[in-house]
Amino acid sequence: MTSQTAEKPIRRSRAPLAITIAIVVALAIAFFAFSNLYTEILWYDQVGFVDVLTTQWAAGGVMFFIGFFAMAIPVWASIEIAFRWRPVYAKLNSQLDRYQQVVEPLRRLASIGIPVMLGIFAGVATASRWQLTLMYLNRTPTGETDPQFGLDISFFLYDLPFFRGVVGFASAVILVSTIAALATSYLYGAVRVAGREVRISKTARIQIAILAALYLAVQAASIWLDQYSTVTNGTGKLITGATYADVNGTIPGLSILAGIAGIVAVLFIVAAVIGRWRLPIIGTVLLIVSSLILGSLYPWVVQRFQVDPSERSLESAYIQRNIDSTRDAYGVSDVEETEYDATTDATTGALRQDAVTTANIRIIDPALVSDTYKQLEQFRQYYQFPQYLDVDRYDINGTVQDAVTTVRDLNLEGLGASNTWYNQHIVYTHGYGLVAAFGNQRSVDGQPVFLESGIPSTGELGEYNPRIYFGETSPDYSIVGGPKGGDKNELDYPSGEEGAQQTYTTFAGDGGPKLDNVFNKLVYALKFQSEQIFLSDGVTDQSQILYDRDPAERVAKVAPYLTMDSDPYASVVDGKVVWIVDGYTTSSNYPYSRTESLSDVIADTYQPRPAFAVDDINYIRNSVKATVDAYDGTVTLYAWDETDPLLQTWQKIFPSTLKPMSEMSGDLLSHVRYPADLFKVQRSILGQYHVTDAGSFYSREDAWATPDDPTSPSASPTLQPPYYLTLQMPGQSEPSYSLYSTFIPLTEGEGNRNVLNGYLAVDSNAGSEDGTVSDDYGKLRLLTLPKDDTVPGPGQVQNNFTTDPTVSQALNLLRQGSTEVKNGNLLTLPVGGGLLYVQPVYVQSTGGTSYPLLQKILVAFGDKIAFEDTLDAALDELFGGDSGAVAGDEGVPVGDTGATPTPDDTAGTTPDADTDAPSTDTPTPDAGGLTQALLDAKSALDERDTALKAGDWAAYGVADAKLQAALDRALAAQGQ
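The sections below set out a description of the structure shown in this document.

Another point: the environment of Gly 416. Turning to its location among the elements, Gly 416 is positioned in the loop between strand 7 (409-410) and helix 14 (421-427). Take Gly 416: its relative accessible area is 48%, and that puts it in the partly exposed class. Each C-alpha atom of the pair Gly 416 and Gln 381 lies 9.2 Å from the other, and the pair is 35 residues apart in sequence.

Encoded structure:
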């Protein structure tokens, strides 16, 4: 007895403890959730887009409660009605009786808990559809009608997806409510099954019949909407959109089925009144049979016995709809098509009319020189460059020059053992400087010629803020700023002799939420799971925390309706480094337009293909140009395509977030370019949809494909990327910064013909006047080549380079020793009345600290090729000794890369022993030594030519070394 009484107080004492622990846990979870919401408010408020966040939250919250109550109330009502009107004296079998005994104590809880639980699930599902709902409520007409139903295309973009969502949700609610009513009625005897006999009470009969009628009415609406979906459906069909069988079989059948479903719904109402189930059961069977006949069998009969024998003629009108709508939806309806009778004969002086284009041919490959930039411009292990660099252009002394550019960003992994929390987040906070090299120049040893380089940054780009606090590889968060006059904690750049000193700075902008109170420090410590934010003395009341620093990520957060381009790029604009990000509005509901997977069509050598693509589109516009300040992270959105109805709709939803394009500065416009992802989508479409005749399209007699990148591995080839170049297309009055790609015949299986069929280019020069876009920007120009002549495609040209004996022998020489030959991007230019191919050849030592050096240039025109040290020499060799024009590398600088020496570069050097300062005297030429050196060079050149003809590569190498030594002595004798 004493033992039992002792246990009771112990049990009582544990109850308050358990309650206390539960309350503490609940409060902790609530505070974590609150801290995430609060930090989101701080971030959006600081960046100036808090209305975007509150609009999303408000819309999501309203949608949640609509979904919650729309599900919970009908389910609760179904359970309550079935229970309250249950038979009082129903005879139950023993099993149901036991079920009742188990359920009855929990009935009240279940009658509320089940609807609430289902309501929460429904609310979460509907909250995620806030974008669809807001688009419907703020829809903007397009002014264009679809060819089948004559409805404004906005019906398919906004109305139809919304209506289908509502119908689908209503179907789910009614179905769940019916199940709840049946379960309750069965449990309490309103529905009894005895052998083959089913007995239903009057109340249960009325409730179930009404629910069934509602369900069938909703299905009737769904079937009616299905006929409109035929114009966006392309699964298993010749084209996307309603075909002949759809128009003459499926659509009429769906209209009839919708009517039958409506009639059966009325029959269920009748059954609820008269108490007889025969009519609705017969009607339901009729509906099922009709759906099989009208929905499947009849369209199949039309297709099999009417369309298939005469498909080309019967489908012609619908194919034409598909062609016209697809070209409109992807923005290629205005492509300017020109027949280009390309010659394959390389004649002397053929490039005379293309002098400006040849002077701007880019020989620096942005996909290969990243390692070169690292070795020449990285300077410290905590800096890095991306794998693929960008191509931009700058006005240098009145001449616009294509440039290969990138920013020097942070690489905290390079800190090694010094990678402490303090260094990660307080000391190493930003990258430094933009590095740019001339695209058409190289040094004598094959290095890029930099127009902007060094630390501190120097070059041709003028004064600008070089600090990169917001970049593609910035740390996940950094804590910056501090009191005026206080210690500077942020490493700015290495300085001093041999880099022994370091310059520090303090962030002076407004780039992130303030950590000016204990509460803010606490919530961010929780957000980033780091107590150091709360405890570190490096965090002061003047500190700011920078996070979400990737430019594309920042734009995506403030403009959630945009699809981001995969390649943001940095430019020096108006004295600042800014990231330029392209944003797209897309849809998959444009009638009769072909559907593509966005991530699939943009995949190439630079962009990997995803394992699973779930981003189908059939409409796209480059509607927004965004900029992100690399110093303070300021995001600015410009409405680039103000005619886009999707953008107009989103401007109603998020007013005042977009600036008009007219507010863009001329300097910014001069760096805006046509986005590569949009161009890839358009070239994929034009591969087939350059054909505008329905008959030719049906036969696929002139279908094209993008060629594989000839430099990609043969075992896993990737598509050749489009390339940015300054070139003059036929029909243009002057060269323009452009983006181009080529086409070869589309073939299935083996036997691919790698000859050129088409050449597509788009004008990417937006101009340089404030608020004014060039009239030619975005102009698509398509050159179609004659089918009776064969112009080699990229793969064939690459094969010609590889198999040519002279080229092969020279490349073998370059591969001698511990070196590797790398082929650069194979460029194609419509010059000289034909198509010129240019490919830089890089050589890289296999040593650990080596980098690629541009050593040779391969060129081809028709079946003729040339292989020289410079592009200028190669063009002259290709075109009979005189191309008629000069390339940008005709004056290769001797030993000058344009790189600014840094303290590291001076390591190991000492002043002359006899002087305190470098001598400024000009060396005196040695005439006698010069003459002898030139004679030795001529003799060595003759020996090398003899060895080359004989195929004696050992002798060739010896003679080449003699020639180089003689040339060095000649330069020394001349005083250079």
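The strand order 5-6-9-10-11 describes an open sheet built from five strands, whose pairing is antiparallel. Every interior strand has two partners, whereas the edge strands, strand 5 (390-396) and strand 11 (458-459), have only one. In the sheet, strand 6 (residues 399-407) pairs with strand 9 (residues 434-442) via five bridges, with the strands oriented antiparallel. Paired with Thr 406 across the strands is Val 435, a residue of strand 9. Contacting strand 6, strand 9 and strand 10 (448-453), helix 13 (residues 370-377) crosses the sheet at an angle of about 60 degrees to strand 10.

Packing of helix 11 (residues 316-329) against helix 21 (residues 676-689) brings their axes to within 11 Å, and their N-to-C directions diverge by 160 degrees. Taken together, the axes of helix 11 and helix 21 are roughly antiparallel relative to one another. Here the hand of the crossing between helix 11 and helix 21 comes out left-handed. In this structure, helix 11 contributes Asn 322, Ile 323, Thr 326 and Arg 327 to the contact, and helix 21 contributes Ile 685, Leu 686 and Tyr 689. When its residues are assigned to classes, the contact of helix 11 with helix 21 shows four nonpolar, two polar and one charged.

Helix 4 (residues 107-127) packs onto helix 2 (residues 50-84) with a crossing angle of 150 degrees between their chain directions and a minimal axis gap of 7 Å. Considered as vectors, helix 2 and helix 4 are oriented roughly antiparallel to each other. Where helix 2 crosses over helix 4, the two elements pack in a sense that is right-handed. Seen from helix 2, the contacting residues are Gly 60, Met 63, Phe 64, Gly 67, Phe 68, Met 71, Ala 72, Val 75, Trp 76, Ile 79, Glu 80 and Phe 83; seen from helix 4, they are Arg 107, Ser 111, Pro 115, Val 116, Leu 118, Gly 119, Ile 120, Ala 122, Gly 123, Val 124, Thr 126 and Ala 127.

With respect to the helices and strands, the residue Gln 207 is situated in helix 7 (residues 202-229). A relative accessible area of 9% means that Gln 207 is categorised as buried. The residues touching Gln 207, leaving out its near neighbours within four places in the chain, are Ser 78, Ile 81, Ala 82 and Ala 181.

Rules of the game
- Residues numbered from 1 in each chain as written.
- Predicted model: local features only at pLDDT ≥ 70, side-chain atom pairs only at ≥ 80, totals over all residues.
- Heavy atoms only, no water.
- Helix = DSSP H or I, 4+ residues; strand = E, 2+ residues; numbered from the N terminus.
- Buried < 20%, exposed > 50% of the residue type's maximum accessible area, 1.4 Å probe, protein only.
- Pairing = 2+ DSSP bridges.
- Contact = heavy atoms within 4.5 Å.
- Axes fitted to C-alpha atoms, helices over the stretch in contact; angles between N-to-C directions.
- Parallel < 35°, antiparallel > 145°, perpendicular 65-115°, else oblique.
- Left-handed = near helix turned anticlockwise from the far one by under 90°.
- Nonpolar A, V, L, I, M, F, W, Y, C, P; charged D, E, K, R; others polar.

These results come straight from atomic positions and should not be treated as a statement about function.
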